[in-house]
Structures are given as structure tokens and as C-alpha cells.
Amino acid sequence: MRRGSIAALFGIALVAGGVATAVALVPTWLPVDASREGGRIDFVFWFVIAICIALFSVVVAVIVYSVLRFRARPDDLEDGPPIHGHTGLEITWTAIPFVLVTAIAIVSAIVLSRNDAQGADTLRINVTAQQFTWTFSYPDANNATSPVLFLPEGRSVELYMRSLDVIHAFFVPQFRLNEDIVPGLVTNLHVTPDRLGTYPLICNELCGLGHSLMRTEAVVMTPDAFAKWLAKQKQEAGAASSSSGSGSSGTSAGLAVFKSQPCATCHTLSAANATGTIGPDLDKLVAYAQQAHQPLAAFIRESIVNPNAYIQPGFPKNTMPQTFAQTLSAAQLSALVQFLVQSSQKASKG
Ligand code: CUA
């Protein structure tokens, strides 16, 4: 090969590699990295990108050089020269990708195993996913629950995730971690947050009409702030369990149940400032019960525990979770029914 040809190939490869590197590095493609695991995932990502850019440069150089140098002239009607392969080339283009793919596999395996390794003093949090909401419960605080995931900075956290209905997926882009949540299984996810802040926590598996609304936040706090928050949750959870049964009677208890459940994602109810539109408007329950020819309280109770028994025309079947008979206690259910009876009667008059 002439020296000029080699210089040309190198030149094209450098330009192609430079352009590809600029495209990779200049725009900010990734959100901030807020976990130790995320840092390792980013390393694998950039490792693969670097290999891709190198391969891209070689391929572009060979294509551009061949098109310029070996193209058929307008008046050239000859067949090309016969080619019978090139053993050296074939060995090279098999061996190099083999080495690169093996390197990616080894780096990925090391990163995945280090990401799964729990640190000392791991915090356990139980995650419950259901259409279309998240609940986080803290065994260290009498299983106090929270609709937002609070995490301490710098501590190893293991999530134990369950679904009450269909397949969901836990995803916090800033943690670079994603895991499916499958009914009947407990799936795990290990994360060590290392950056204070509030990050979106989204469901990453199409799970029904409210999928796009199934999002909350992960809040990374300083260890001190987290310890204080956890202690407060523990106290409140203790107080709630000791006073349950007697409970704050009437509508405030029902409102609390309404707010602790995903109702507001799908339903409008002015008494709870809820504005969902996927399911029937709960301000109109009085009229709906009349259309269904049922007494109001019985109609509301059945619609919660057995939602497919009567479907309000214009709304889809099988969208309301069918699990409330199992997940709500009898006291919670009664309080919720009472609250909905009173608030819908008030709304129908107002
Ligand atoms: Cu849950 Cu999408």
C-alpha cells in the first residue's frame, strides 16, 4: 500500500473520530449521576462508547477511501478484478471484535457484581407498586409508609419490591438503575445514593391507562436529616397503630384513607382536591348510584371492593385495581365509604 493511501485513511479516520467524539461529549446526554452504582454504570457506558467511536472511525475511513479511490468512472463498463478473500484480513476482523466484546463482558460483569454488593449496615425498604402508585415502607420505623422514597446519603439501601397487580418497573434515571416489579415475586434493587437532591422516580413498564402518571420522587437526605425523619415516622406509625380502631371518626379518617391510596391519580373529588380524569368523577356518585339503581353507600362500597360489578358508561373496565378488598382494613373501608357518601352528597347539592 502506498504511503499516501495510508495517510489518507488515517486522515479520514481522525476526522470521523473527532466528529463522533464531539457528538458524544459536547451535548449533556445524561442526567446527573446521584449514586455510587450510577458512577460505575456510566463507566461501562463510556467504555462502550469509546470502542464504538474507534470502530466507527475505521469503518468510515475504509468506506470513504474506497468510494473515492475505487469508484467506477462514468465510461468504465469493465467487470471489477476477481477477488478471492484475504485470510489475514478475515482473521483480523474476527479477532479484534472478539477481544472487544470479551472486554465489554468482563467490565460489565465486574460492575454488576460490585453494584449488587451491599455495604455494611444496609437499610431495608419495602416497595409496593400498584396501578398507579408507589408505597414505600420502612421496617426500621414500625413499617411506616410514605408515598415518596426518602433515602440517606452514603448508605447502602436494599429495596424489596412487590406488585399488587401487573408488571411495573422501578426507575430513577439519576441512579442509573431500573428493575422490573413482577406480581408473585419479590425483586431486589441495591442503591447507594451519593448526591443530595430530589430525583424523579418513574414506572418504566407500560402498566395501564395511568402508567404515565405513576411517578413520584426519590429524596436523598443527609444521614442526620434522614435519621430525624425516620424517628418521626416511627413515632407516628406507633401512635397510629395504638389508636387504630377508635380512630378519628368520620370524614377525616376517610379522607386520610383516600389520600393514602392512589384514588386521586384517576378520580376527581373536590373534597380531596383530586382532579384525575381516568375514572368516574366521584363528585357525581349520587347520580351514578341512581343510574345503577343502588343505594349510595352500598354502591360505593361495591365499587371499591368489586369494581367490575358495575361500570359507569363511558369508562373502561378492568382499570380500577381489584385488590382493595385485600389491602384495606374493614375500618379503613368503612371510613372511606362514609367519607365518599358525605362528600358526594355535598357536591351534588352544591
Ligand atoms: Cu406502573 Cu407503568
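It should be emphasised that the depicted structure is a prediction, and the values quoted were computed from it without experimental measurement.

**Focus on the overall build of the protein chain**
Counting secondary structure elements, the protein chain contains 10 helices and 12 strands. Relative to the compact-globule value of 20 Å for 350 residues, the protein chain shows a C-alpha radius of gyration of 30 Å, a clear excess of over 25%. Taken along its principal axes, the extent of the C-alpha atoms in the protein chain is 90 × 55 × 35 Å. Within the span of the protein chain, comprising 350 residues, buried residues form 37% of the whole. Of the contacts formed within the protein chain by residues at least 6 apart in sequence, a portion of 66% connects residues at least 24 apart.

**With respect to the environment of Ala-7**
Checked against the element boundaries, Ala-7 lands in helix 1 (residues 3–25). Judged by its relative accessible area of 49%, Ala-7 falls in the partly exposed class. Separated by 16 residues in the primary sequence, Ala-7 and Val-23 have C-alpha atoms spaced 24 Å apart.

**Concerning the domain arrangement of the protein chain**
Interfaces are often described in size by the accessible area the parts lose on coming together. Domain annotation for the protein chain reports domain 1 (3–69 + 86–116), domain 2 (123–230) and domain 3 (243–349). Using only C-alpha atoms to locate each centre, domain 1 and domain 3 end up separated by 56 Å.

**Overview of the pairing of strand 1 (residues 123–130)**
Across the 8 residues that make up strand 1, a large majority, 6, are buried. The pairing of strand 1 with strand 2 (residues 133–138) spans 5 bridges and is antiparallel. Considered in strand 2, the bridge of Asn-126 is made with Ser-137. Here strand 1 folds back onto strand 2 in antiparallel fashion, the turn holding 2 residues.

**Quick notes on helix 3 (residues 87–116)**
Given a rise of 1.5 Å per residue, 30 residues ought to cover 44 Å, and the 44 Å separating the end C-alpha atoms of helix 3 matches this to within 8%. Listed in full, the buried residues belonging to helix 3 are Val-107, Val-111 and Asn-115. Lining the buried residues of helix 3 we find helix 2 (36–70) and strand 8 (187–191).

**Examining the pattern of salt bridges**
As enumerated under the stated definition, the model contains 4 salt bridges in all. In this structure, Asp-42 engages Arg-176 in a salt bridge whose closest nitrogen and oxygen atoms are separated by 2.7 Å. Here Arg-176 lies in the loop between strand 6 (168–172) and strand 7 (177–181) and Asp-42 lies in helix 2, a separation of 134 residues in the sequence. By relative accessible area, Arg-176 is classed as buried at 14%.

**Things to note about the sheet that holds strand 4 (residues 149–152)**
Spatial ordering of the open sheet is given by 4-10-9-6-7, a layout of 5 strands whose pairing is mixed. Edge strands, defined here as strands with exactly one partner in the open sheet, are strand 4 and strand 7. Between one strand and the next, the sheet's axes are offset by a mean angle of 20°, whatever the strand orientation. Pairing geometry for strand 4 and strand 10 (residues 215–221), over 4 bridges, is parallel.

The rules behind these values
- Residues numbered from 1 in each chain as written.
- Predicted model: local features only at pLDDT ≥ 70, side-chain atom pairs only at ≥ 80, totals over all residues.
- Heavy atoms only, no water.
- Helix = DSSP H or I, 4+ residues; strand = E, 2+ residues; numbered from the N terminus.
- Rg over C-alpha atoms; globule rule 2.2 N^0.38 Å.
- Buried < 20%, exposed > 50% of the residue type's maximum accessible area, 1.4 Å probe, protein only.
- Contact = heavy atoms within 4.5 Å.
- Domains from an automatic or database assignment.
- Pairing = 2+ DSSP bridges.
- Expected span 1.5 Å × (residues − 1).
- Salt bridge = Lys/Arg side-chain N within 4 Å of Asp/Glu carboxyl O.
- Axes fitted to C-alpha atoms, helices over the stretch in contact; angles between N-to-C directions.

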